[in-house]
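Letter by letter, the chains look like this.
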Amino acid sequence: MITITEIAACKVKESLVRRGKGLGIKVGIKTTGCSGLAYTIEYVDNPNEHCMEHHDVNGVRIYIDPKHRPYLYGTTMDWTKKGLNEGFDFINPNEKDRCGCGESFRV
């Protein structure tokens, strides 16, 4: 379903430790931006809050809303550093294109 690189998994684990709680993260999409969709990441403290499936990848539990599965299938979550900016990056084979600023995508 979704894979996560080792460095991205380390960043998620560090974030959960700093936060002091959390079972994992929820990866999803929302409607926004020039191209229409953007990736979302949220902490999951109680999986009963959402009707979600989960996968354990590189020691991180990733929750996904089944409605988002078609958009995220085959996606790899990575951590990248470009100049002074760093953060999570999504490599999604379902993307048709991204907007110029890279904040949203289209499938």
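Residues numbered from 1 in each chain as written. Predicted model: local features only at pLDDT ≥ 70, side-chain atom pairs only at ≥ 80, totals over all residues. Heavy atoms only, no water.

Visitor: It is not clear to me how the sheet that holds strand 6 (residues 76-82) should be interpreted in this structure. Could you clarify?
Guide: Remark on secondary structure: sheet strands pair via backbone hydrogen bonds, oriented parallel or antiparallel. Read from one edge of the open sheet, three strands run 1-6-7, paired in mixed fashion. Both edges of this open sheet fall to strand 1 (3-4) and strand 7 (85-91), since each of them pairs with a single strand only. With two bridges connecting them, strand 1 and strand 6 associate as parallel partners. Residue Ile4 lies in a different strand from strand 6, and its bridge partner there is Met77. Helix 1 (residues 6-19) rests against strand 1, strand 6 and strand 7 of the sheet, and its axis sits at about 85° to strand 6. (Pairing = 2+ DSSP bridges. Helix = DSSP H or I, 4+ residues; strand = E, 2+ residues; numbered from the N terminus. Contact = heavy atoms within 4.5 Å. Axes fitted to C-alpha atoms, helices over the stretch in contact; angles between N-to-C directions.)

Visitor: How should the pattern of salt bridges be read in this particular structure?
Guide: Proximity of charged atoms lets side chains of opposite charge pair with each other. If you walk through the whole model with that rule in mind, you get five salt bridges. Linking Arg69 and Glu53 is a salt bridge whose minimum nitrogen-to-oxygen distance equals 2.7 Å. With a gap of 16 residues between them, Arg69 in helix 2 (residues 69-72) and Glu53 in strand 4 (residues 53-57) connect regions that are remote in the sequence. With relative accessibility at 23%, the residue Glu53 sits in the partly exposed group. Of the charged contacts, one joins Arg61 and Asp56 as a salt bridge, the two residues approaching to 2.8 Å between their closest N and O atoms. (Salt bridge = Lys/Arg side-chain N within 4 Å of Asp/Glu carboxyl O. Buried < 20%, exposed > 50% of the residue type's maximum accessible area, 1.4 Å probe, protein only.)

Visitor: Would you mind showing me how to read the nonpolar core here?
Guide: One recurring pattern in soluble globular proteins: nonpolar side chains tend to sit buried together. Core analysis: the largest hydrophobic core is formed by 19 residues, its most contacted members being Ile4, Val12, Ile25, Val27, Ile62, Leu72 and Met77. Contributing elements (two or more residues each) for this core: helix 1, strand 2 (24-32), strand 3 (36-44), strand 5 (60-64) and strand 6. With four residues, the single largest contributor to this core is helix 1. Apart from residues lying up to four places away in sequence, Val12 is in contact with Ile4, Ile25, Val60, Met77 and Phe88. (Core = buried A, V, L, I, M, F, W, Y, C linked by side-chain atoms within 4.5 Å.)

Visitor: What exactly am I supposed to notice about unusual backbone geometry here?
Guide: Glycine aside, negative phi is the norm for most residues, and most peptide bonds take the trans geometry. With phi around 50°, Asn58 is a residue other than glycine that occupies positive phi space. Take Asn58: it is sitting in the loop between strand 4 and strand 5.

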